[in-house]
Amino acid sequence: MALSYITNAHPAYIDALYKNYLADPESVEIGWRRFFEGFEYARSVEGNGSAATPSAAMDEKEFRVLGLIHGYRDRGHLLASTNPLKPRKERYPHLELPDYGLSEADLDSRFAVGNELGLGVASLRDIVARLNALYCGNIGFEYDHIEDRDRRYWLRDRIERLSGGDYGFPLEKKRRILEKLNEAVCFESFLAKKFIGQKRFGLEGGECTIAGLDAAILRGADMGVKEVVIGMAHRGRLNVLANIMRKTYGYIFNEFEGTMVPDLSFGDGDVKYHLGYSSQITTPDGHFVDLKLVPNPSHLEAVNPVVEGFARAKADILYGGDYDKILPVLIHGDAAVAGQGVVYETVQMSKLDGYTTGGTLHFVINNQVGFTTDIEDARSSTYCTDVAKIVQAPVFHVNGDDPEALVLAIELAVEYRQEFNNDVFVDMVCYRKNGHNESDDPQFTQPQLYELIRKHKDPRTIYSERLIARGDIEGEMAKQLEREFNQMLQDRLDAVRQTPLAYNYQESEEAWRKLKKKTTPEDYERSPETAIPIEQVRSILNRLQELPKDFTPLPKFKDRILAGVQSYIDKGICDWAMGEHLAYGSILLEGKDVRMSGQDVKRGTFSHRNAVLYDAATNAQFNRLDHLSDQQGRFRIYNSLLSEFAVMGFEFGYSLANPDTLVVWEGQFGDFANGAQTMIDQFLSASESKWLRMSGLVLLLPHGYEGQGPEHSSARLERFLQLSAEFNMTVANVTTPANFFHLIRRQLARPFRKPLVVMSPKKLLRFEHCVSPFEDFAKGGFQELFDDPRFPTKAKAAKVKKIVLCSGKFYYDLLEKQTADKRDDVAIVRLEQLYPLPATQLKAVFEKYPKAQVCWAQEEPSNMGAWQYVHSIFRTLGVDQLTVVGRKASASPATGFKKVHDAEQADLVERALSV
């Protein structure tokens with residue numbers, strides 16, 4: 001028997017609560033307060049004044065009815081009429097009268113607990129009718145899993161104010177809903193007739209989406225939202241672009257005609273249903289709202305963390321951390337929201353300090369089929385939205401044929417988000433009229449479902465008929481709206497031109513507009529000057545040594561790290577961590593912000609960074625780089641959740657919002673980037689080519705063969721080089737702290753932005769020979785290539801018989817052997833930047849050593865690392881013969897045996913230097 005906790009309450013406990021209520025009603029939980037209010041009312045109305053206590057006056061059935069009310073609040077959504085096509089699957093909610101020890105004989109009995117629902121003393125029949133109207137209609141409210149009582153009661157209060165069915169919308173609001181449905185339905189119908197056979201991933205069956213999104217924007221604007229950032233996959237995207245974003249119909253028709261000229265403001269180079277857009281609207285109430293639809297590839301939910309990162313950056317940069325001013329909206333498919341792991345990762349980060357955006361409105365277009373997969377094959381959970389429960393987000397399940405119910409649910413969702421800055425889900429159950437695309441026949445896999453869909457009216461027709469039946473509008477008005485809209489679309493197609501909406505660029509967007517849109521090979525010949533005065537070098541390092549007087553550092557940090565750094569400062573040299581701190585510190589002192597995240601980045605995986613210290617006595621945190629100057633930029637550094645996909649996507653999104661913030665993601669080990677390969681392939685390497693979206697995101701990926709086994713040796717350098725083309729990003733493997741310093745500063749110094757992938761070191765972090773004098777930070781810029789300093793003159797260079805080209809940490813292994821053997825016939829040349837390849841500088845090196853053979857030396861197996869890339873392009877540099885020294889081709893990146901690794905490493909060095 002499914003009874004509420006209240007049903008089993010002991011009479012003595014109830015009596016004690018009642019005494020507390022009489023003394024101070026506010027001291028009693030609101031549910032009991034309402035119960036006692038009903039009890040008092042019942043005594044006054046029905047003459048039960050002789051009863052001294054509730055337990056004595058009320059029979060057990062009062063509590064059973066109260067249990068029934070709680071059951072509906074908890075599980076009524078399982079009976080809600082949310083499926084527009086067919087009856088719902090039986091989920092056994094246990095909401096029948098016998099489940100609570102009640103029967104039909106009790107239906108006309110009156111119960112004081114009707115006050116719980118605002119009915120006062122009411123018959124059980126009226127109580128059940130009210131519960132069905134509230135909780136089992138076209139909206140299923142799922143919120144009882146929320147632990148926070150204030151939030152749960154806030155929702156309960158608003159839900160139980162509703163009338164159920166007819167939500168009392170004014171005529172003006174109903175007309176707007178009909179207009180949005182008209183736009184949605186007519187747009188799809190028009191495209192289907194004019195562009196037969198073309199893919200558009202139409203919204204047919206889910207057209208209420210447009211009315212729902214419109215309602216979200218209007219209600220958000222009423223509550224202070226200044227900007228809405230939307231992420232969605234391809235289903236319905238064109239309709240959203242046209243009828244929500246107000247992308248011109250002529251623009252969209254041109255894309256169908258294939259005559260588009262690339263728009264440098266909003267991007268091109270991808271299929272039309274992947275493109276993003278930016279616009280600005282003024283709502284009927286006079287609120288000005290910025291709208292952003294983020295570009296998205298076919299990887300469905302991959303855009304989710306990108307939207308969150310973009311929204312967080314806007315909140316940080318434009319809105320002073322006021323999340324109420326920016327609303328992220330993620331539009332999901334039912335199969336994708338249930339099946340894609342990045343959804344879980346994104347939701348899981350929603351309450352974390354470094355990644356929160358003040359709550360996201362998740363809108364699910366639940367068309368009950370994924371590609372051609374039935375629900376039974378798509379998920380194990382009851383609902384596709386069950387991921388919401390991990391952060392106790394409420395879920396409103398809505399019948400997709402009832403636009404008023406959807407608008408009400410959307411408005412409630414926005415109000416909840418603004419009130420509590422938490423995620424909230426709206427699950428619109430609808431259908432997909434066509435197959436996965438317009439040329440796909442869905443009857444092969446869902447014959448019964450599509451027979452139901454074939455006979456089903458579209459949401460616009462259903463709603464207009466309902467309005468006419470209720471007397472809200474005249475039939476002729478509905479027909480006139482349709483005729484006018486269709487004529488407007490035809491006029492746009494005939495003219496294939498339309499004046500775009502005016503657009504006023506935000507401050508961060510103006511910063512992007514000042515940068516170069518296209519780069520040329522000349523932009524990569526030499527790096528710009530990025531030096532800082534030597535006095536600033538000393539000032540930053542000395543300031544980093546200072547700790548608050550009331551701060552208790554760990555003895556290890558004080559005795560080893562601070563003391564070690566001080567000894568380097570006294571010698572005028574920097575190790576890797578010092579060079580990294582100088583890069584960030586100097587950028588901050590220029591008034592620019594730095595954001596860094598990843599797993600354990602505050603200390604660094606190898607405990608080298610220690611950007612944030614923890615007080616040994618209080619565990620309080622001290623951000624060392626956020627205390628350099630009163631006028632500096634913000635240094636935001638966050639240890640991330642154990643995610644690569646979503647976190648890298650978040651940082652990519654953050655980097656899109658402002659070109660003047662340095663954004664860094666660090667992998668705990670370089671191979672951890674494997675978990676974010678979709679982000680690398682679809683966004684990082686291709687966003688500029690596909691969407692003309694530049695990013696300056698930096699990836700720090702620890703890389704180097706040190707006997708740590710196959711999982712922690714390689715950052716898969718070969719993959720990044722394979723993705724490199726058309727100057728889309730920079731791939732580097734740096735050997736000195738000063739050159740790393742210049743490389744990082746170069747990210748914001750160039751008149752354009754490119755992603756930077758760094759094969760960052762492990763051993764070199766504390767390697768005694770991997771240091772740079774202060775002077776190297778105070779002159780020049782990033783060096784794409786280092787020639788061998790042992791051969792400064794033509795006479796010495798003439799003796800060189802072999803040039804060994806290498807990159808990264810392997811250089812020091814070669815250098816040690818070269819020095820020990822006093823070799824004056826082998827020159828070791830370091831490629832610090834692998835892509836774009838410094839071709840002019842390399843040609844100069846080859847000309848300097850005219851008699852030398854050329855060898856590429858690497859630690860990685862020959863089917864990995866840079867060899868394949870280097871070999872493919874070196875003939876263009878005038879090198880006829882290029883040999884390779886590397887480990888044998890292998891399926892695994894490295895051996896797991898330390899002794900085997902040491903033997904392989906020694907053999908590599910020996911072969912590389914042999915002539």
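Analysis parameters
Residues numbered from 1 in each chain as written. Predicted model: local features only at pLDDT ≥ 70, side-chain atom pairs only at ≥ 80, totals over all residues. Heavy atoms only, no water. Helix = DSSP H or I, 4+ residues; strand = E, 2+ residues; numbered from the N terminus. Buried < 20%, exposed > 50% of the residue type's maximum accessible area, 1.4 Å probe, protein only. Contact = heavy atoms within 4.5 Å. Polar contact = N/O pair within 3.5 Å; in protein donor to acceptor, adjacent residues only side chain to side chain. Pairing = 2+ DSSP bridges. Axes fitted to C-alpha atoms, helices over the stretch in contact; angles between N-to-C directions. Arc of directions from axis to C-beta. Parallel < 35°, antiparallel > 145°, perpendicular 65-115°, else oblique. Nonpolar A, V, L, I, M, F, W, Y, C, P; charged D, E, K, R; others polar.

**Focus: the environment of Ser655**
Part 1: Within the element layout of this structure, Ser655 appears in helix 23 (residues 645-657).
Part 2: A relative accessible area of 3% means that Ser655 is categorised as buried.
Part 3: Every residue in contact with Ser655, bar those within four places of it in the chain, is listed here: Trp512, Val663, Ser695, Gly696 and Leu697.
Part 4: Among the polar contacts listed, one links the side chain of Ser655 to the backbone oxygen of Phe652, at a separation of 2.6 Å.

**Quick notes on the sheet that holds strand 25 (residues 853-861)**
Consider a sheet: its strands pair through backbone hydrogen bonds, and that pairing is either parallel or antiparallel.
Part 1: Spatially, five strands are ordered 21-23-22-25-26 in an open sheet, and the strand pairing comes out mixed. Lying at the two open borders of the sheet, with one neighbouring strand each, are strand 21 (785-786) and strand 26 (882-887).
Part 2: Where strand 22 (residues 802-806) meets strand 25, four bridges bridge the pair, whose relative direction is parallel. Paired with Leu805 across the two strands is Trp856, which belongs to strand 25.
Part 3: Against the sheet, helix 31 (residues 839-848) engages strand 21, strand 22, strand 23 (826-831) and strand 25, with an angle of about 155 degrees to strand 22.
Part 4: Across the sheet, helix 33 (residues 898-913) touches strand 22, strand 23, strand 25 and strand 26, and the angle it forms with strand 26 is around 165 degrees.

**Thoughts on helix 31**
Part 1: By the burial criterion, the buried members of helix 31 are Gln841, Leu842, Val845 and Phe846. Down the axis of helix 31, the buried side of the element spans an arc of 140 degrees, and every buried residue falls inside it.
Part 2: Where the residues of helix 31 are buried, they touch strand 21, strand 22, strand 23 and strand 25.

**Describing the side chain of Ser586**
Part 1: Structurally, Ser586 can be placed in helix 22 (residues 576-589).
Part 2: For Ser586, a relative accessible area of 1% translates into the label buried.
Part 3: In terms of polar contacts, Ser586 uses its side chain to reach the side chain of Arg745, at 2.8 Å.
Part 4: Residue contacts for Ser586: discarding those within four places in its chain leaves Ile532, Gln536, Ile540, Phe741 and Arg745.

**A look at the side chain of Glu784**
Part 1: Here Glu784 shows up in the loop between helix 28 (774-777) and strand 21.
Part 2: Accessibility expressed as a relative area gives 2% for Glu784, which makes it buried.
Part 3: Polar side-chain contacts of Glu784 include one of 2.6 Å to the side chain of Ser527.
Part 4: Each residue touching Glu784, except ones within four places of it in the same chain, is listed here: Glu525, Arg526, Ser527, Arg746, Arg830, Leu831, Glu832, Gln833, Pro838 and Gln841.

**Remarks on the sheet that holds strand 3 (residues 139-142)**
Part 1: If you trace the eight strands from one edge of the open sheet to the other, you get 3-9-10-8-7-4-6-5, paired in mixed fashion. The open sheet has two edge strands with one neighbour each: strand 3 and strand 5 (277-282). Each strand axis lies, on average, 20 degrees off the axis of its neighbour in the sheet, ignoring direction.
Part 2: One ladder, built from six bridges, connects strand 5 with strand 6 (residues 288-293); its direction is antiparallel. Its bridge partner lying in strand 6, Gln280 is registered against Asp290.

**Focus: the packing of helix 20 (residues 534-544) against helix 22**
Between two packed helices, what matters for the description is the angle formed by their axes and the separation of those axes.
Part 1: Where helix 20 meets helix 22, the axes come as close as 10 Å, and the angle between the chain directions of the two elements is 105 degrees. Taken together, the axis directions place helix 20 and helix 22 in an arrangement best described as roughly perpendicular. Taken together, the residues of helix 22 that come into contact with helix 20 (itself represented by Gln536, Val537, Ile540, Leu541 and Leu544) are Met578, His581, Leu582, Gly585, Ser586 and Leu589.
Part 2: Tallied by class, residues from the contact of helix 20 with helix 22 come to seven nonpolar, four polar and no charged.

Remember, this is a structural readout, not a statement about activity or role.
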